[in-house]
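Residue strings, one per chain:
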Amino acid sequence: MSTEFWCLYAAMGLALVHLTAASFSFKAQVGNAYTVGPRDEDLRPKGVAARLDRAQRNFLETFAVFAAAVLMLDALGRSGGWLSVSGAVVYVLGRSLFLPLYAAGVPWLRTLSWNFATAGLAMVMTAIVWAPQQPTSALRIIFLRRDILS
């Protein structure tokens, strides 16, 4: 498995961490009866729970783009280059720092970690069109077989 796929796997785990942190902090705030009930009152998280909810939504805004970029890298045979590998690692590191910094309410470092992650995402996306082609990947072989058979 390529480094970019390992980073995608790590980002998937980070998505679960975001979901769990936001969910459990809100549950601690409003109580179990509300979270298992019909939620007719439409309560909103406050304080740390609200920051964790916003951090989760922020993560999901970039995660789909990162996942698509990693899949495109593999399908085009462009994974494994310095730009895509370092970009994927930078994305995961930046996003990993973002959650605790946002939860703690640290403004400038939180923004810096977001910029760091976004730069990593831009590196991965750039590698799709700029990196030299690597040996054929498993995903690309599946697409080529499908085209040959049809």
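Note that residues are indexed from 1 along each chain, following the sequence as it is written. The predicted origin of the model limits local features to residues at a pLDDT of at least 70 and limits the giving and counting of side-chain atom pairs to 80 or more, whereas totals for whole chains, interfaces and linings rest on all residues. Each side-chain value is derived from all of the structure's non-hydrogen atoms; neither hydrogens nor water enter the calculation.

A. Structural detail: the nonpolar core. Definition used in this section: a nonpolar core is a set of buried Ala, Val, Leu, Ile, Met, Phe, Trp, Tyr and Cys residues joined via side-chain atoms within 4.5 Å. With a 1.4 Å probe rolled over the protein chains alone, any residue whose accessible area is under 20% of its type maximum counts as buried; one over 50% counts as exposed, and the rest are partly exposed. Formed by 21 residues in total, the largest nonpolar core has its most connected members in L8, A11, F59, F63, F66, Y91 and V124. Under the DSSP-based scheme used, a helix requires at least four consecutive residues in state H or I and a strand at least two consecutive residues in state E, with every element numbered from the N terminus. Elements with a contribution of two residues or more to this core: α1 (3–30), α3 (48–75), α4 (82–104) and α5 (107–130). The greatest single-element share of this core, amounting to 7 residues, is contributed by α3. Not counting chain neighbours up to four residues away, the residues in contact with V124 comprise F66, A69, V70, L73, S84, G87 and A88. Core analysis: the next-biggest nonpolar cluster, separate from the first, contains 7 residues, A22, A55, F98 and A103 among them. Here, residues are in contact when the closest pair of their heavy atoms is within 4.5 Å.

B. Molecular detail of the side chain of S113. Relative to the elements of secondary structure, S113 occurs in helix α5. Discounting chain neighbours no more than four positions away, the residues touching S113 are G94, L97, F98 and L101.

C. Summary view of the packing of aromatic side chains. Only Phe, Tyr and Trp rings are paired, with Trp represented by its six-membered ring, and only when their centres lie within 6.5 Å; those with planes under 30 degrees apart are stacked, over 60 edge-to-face, the remainder tilted. A full pass over the atoms with the stated rule returns 4 aromatic pairs. Their ring planes at 15° and their centres at 4.2 Å tell us that F66 and Y91 sit as a pair that is stacked. Here the residue F66 occupies a position in helix α3, and Y91 occupies one in helix α4, the gap between them amounting to 25 residues. Taken individually, F66 and Y91 each receive the classification buried, so the pair is uniform in this respect. Ring geometry for F98 and Y102: centres 5.3 Å apart, planes at 85°, overall edge-to-face. With F98 and Y102 both in helix α4, this residue pair falls 4 residues apart, about one helical turn.

D. Local environment of the environment of A117. Relative to the elements of secondary structure, A117 occurs in helix α5. Its relative accessible area of 2% is what places A117 among the buried residues. Among residues more than four places away in sequence, those in contact with A117 are V90, Y91, G94 and R95.

E. Unusual backbone geometry, seen in detail. Here D42, not a glycine, exhibits a phi torsion of approximately 55°, which is positive. By the secondary structure assignment, D42 is in the loop between α2 (32–36) and α3.

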